[in-house]
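In case you want the letters, here they are:
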Amino acid sequence: MKVDSTGLRVLSRAECMQLLASAPLGRIVFTDRALPAIQPVNYALDGERLVIRTRAGSKLAAAVRDAVVALEADAFDPAGRTGWSVTVIGHARAVQEGREEFSRLAHLPLAPWTPRDGQRPEHQDHYIVLPVEQISGRRVEAYS
């Protein structure tokens, strides 16, 4: 078992991917007007890629287009003093509407967080794909 300098167990790539699949909520880290920004997002795994559904006119959709971003997901049990954290880094890209890939992603279990307004084009679905280029994770294990 590999541990880091703080005593946390270092997770393998396979363990990280398995944990990502179990947590539908994460925080995406990106740059907004030259400043760091963090926003909660729901996501789904599509092979070795994370898929995020947002609105076409959203700040997130504009900010992460062809940018290097990070996504962090975690789960903790304060009573049991256990938990894990996984971070993914990759080049995010938008999926163009009308392409076959867009239609396929529309069938993933990704519900929008906010109420939908079908009357406004800027509120149409928009998908961001984040390939898992780098991944790391740590597990907090109970101690006495």
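Please refer to the structure higher up on the page.
Computed from a predicted structure; not experimentally measured.

Participant: Would you mind showing me how to read the pattern of salt bridges here?
Facilitator: Two side chains that carry opposite charge are able to pair once their charged atoms sit near each other. Per the stated rule, a full pass over the model turns up 10 salt bridges. A salt bridge links Asp4 to Arg138; the shortest N-O distance between them is 3.0 Å. Of this pair, Asp4 sits in the segment before β1 (9-10) while Arg138 sits in strand β9 (residues 134-140), and the two are 134 residues apart along the sequence. Its relative accessible area of 21% is what places Asp4 among the partly exposed residues. Residues Arg13 and Glu48 are paired through a salt bridge, measuring 2.4 Å at the closest nitrogen-oxygen approach. With a gap of 35 residues between them, Arg13 in helix α1 (residues 13-22) and Glu48 in the loop between β3 (35-46) and β4 (49-55) connect regions that are remote in the sequence. Relative accessible area serves as the criterion here: at 37%, Arg13 is assigned to the partly exposed category. What makes Glu48 partly exposed here is its relative accessible area of 42%. Residues joined in a network through salt bridges with shared partners are Arg9, Glu15 and Glu141.

Participant: Even after reading the chapter, I still don't get the pairing of strand β2 (residues 25-32), so can you show me in this structure?
Facilitator: Side chains Gly26, Ile28, Phe30 and Asp32 of β2 all project onto a buried face; the interleaved residues Leu25, Arg27, Val29 and Thr31 project onto a face where none is buried. Pairing between β2 and β3: 8 bridges, direction antiparallel. Across the sheet, residue Asp32 finds its bridge partner in β3, namely Leu35. Hairpin connection of β2 to β3: 2 residues between the antiparallel strands, including Arg33 at a positive phi of 55°.

Scoring rules and cut-offs
Here the residue numbering is sequential within each chain, running from 1 through the sequence in written order. Per-residue local features are limited, in this predicted model, to residues with pLDDT of at least 70; the limit for side-chain atom pairs, both in listing and counting, is 80 or more; totals at the level of whole chains, interfaces and linings are taken over all residues. Water and hydrogen atoms play no part in the side-chain values, which are based on all heavy atoms of the structure. One speaks of a salt bridge when a side-chain nitrogen belonging to Lys or Arg is within 4 Å of a carboxyl oxygen belonging to Asp or Glu. The helix and strand labels rest on DSSP assignments: H or I over at least four residues marks a helix, E over at least two residues marks a strand, and numbering proceeds from the N terminus. For each residue, the accessible area found with a 1.4 Å probe, counting protein chains only, is set against the maximum for its type, and the residue is called buried under 20%, exposed over 50%, and partly exposed in between. One bridge is not enough; two strands pair if DSSP finds at least two bridges between them.

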